[in-house]
Amino acid sequence: SLMTIGSGAFYDTAWYENQPDGLVYIGSVLYAYKGSEQMPAGTKIEIRAGTTGITDFAFRRCENLVSIKIPASVISYGRNSFGYTFRDCKNLVDVELSPNCTELVNGMFDGCTALQSIRIPEGVSVISGSWPIGHMQSPFYGCANLRSIEIPASMQTIEDGAFAGCDSLTTLQIAPDNPHIIFENGAVLSKDRKSFICAVPAAVGSEYTVPEGVERFAYRAFCGCEQLKTLILPAGLQETDHVMDLF
């Protein structure tokens, strides 16, 4: 059955031009919100049950969208981890995600400047990172007012630069029973505190002391830490052996 569709698959076709404004579906996939310029102020959308996928850029520049509820039937946002599903939805403040889509994809909430908090449901296991090649951005890039993220016990992987551009985010609420990761001293660490996975840039500041016990760093662990000038390593951790490609 049809699971994903590229955002431009039907661009400028007679079929798409003949669709009424609003949500446009192709089978069980939500293809786009057509007519974002005419979206009424304060719009709240509940995506219909049975929807299995949402295309990349589906709600791009829906500036009057304030609330979105995504049903548990949705198992994919965008395609090949390329999302930007709600890019530049500048007034979006309320989000309910599907627990059955395991990954938050690149750029998913890029530029959602009104978003202040989000709860990631149990079942989600990956937050994608930022990649300079192709200018891929993390799901929350540009969410300048995001202050709170609740992360479930199911979360296993937080990629490099996952919180870059979150200028107001200084803490994460990771479920205490998460067996993989913890939040401590402004960073995501492995549960045993030996692996430094990902810094939260706004919590790091200009000078940062790596916690004692850290033995290794994830690739680009300090991605997005543009204000960081001084990095202090714990005793016994040699820069030449362990600090590679941190930014």
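Residues numbered from 1 in each chain as written. Predicted model: local features only at pLDDT ≥ 70, side-chain atom pairs only at ≥ 80, totals over all residues. Heavy atoms only, no water.

Caption draft 1: Inspection of the pattern of salt bridges at higher detail. Taken as a whole, this structure holds five salt bridges when the rule is applied. With its nearest N and O atoms 3.9 Å apart, the salt bridge here joins lysine 69 to glutamate 46. Taken together, the positions of lysine 69 in strand 5 (residues 65-69) and glutamate 46 in strand 3 (residues 43-46) put the pair 23 residues apart, joining distant regions of the chain. Judged by its relative accessible area of 35%, lysine 69 is partly exposed. Aspartate 110 is the salt-bridge partner of arginine 87, the closest N and O atoms lying 3.2 Å from each other. Residue arginine 87 is located in the loop between strand 6 (76-77) and strand 7 (94-96), and its partner aspartate 110 is located in the loop between strand 8 (103-104) and strand 9 (117-119); the two are separated by 23 residues in the primary sequence. Since its relative accessible area comes to 29%, arginine 87 is described here as partly exposed. Residue class for aspartate 110 comes out buried when judged on its relative accessible area of 8%. (Salt bridge = Lys/Arg side-chain N within 4 Å of Asp/Glu carboxyl O. Helix = DSSP H or I, 4+ residues; strand = E, 2+ residues; numbered from the N terminus. Buried < 20%, exposed > 50% of the residue type's maximum accessible area, 1.4 Å probe, protein only.)

Caption draft 2: Focus on the sheet that holds strand 6. Judged by pairing direction, the sheet is mixed, and its four strands sit side by side in the order 1-2-4-6 without closing on themselves. In this open sheet, the two strands that pair with only one neighbour each are strand 1 (22-26) and strand 6. Where strand 2 (residues 29-34) meets strand 4 (residues 53-54), two bridges bridge the pair, whose relative direction is parallel. Bridging across to strand 4, valine 29 finds its partner in glycine 53. (Pairing = 2+ DSSP bridges.)

Interpretation in functional terms is not warranted from these geometric data alone.
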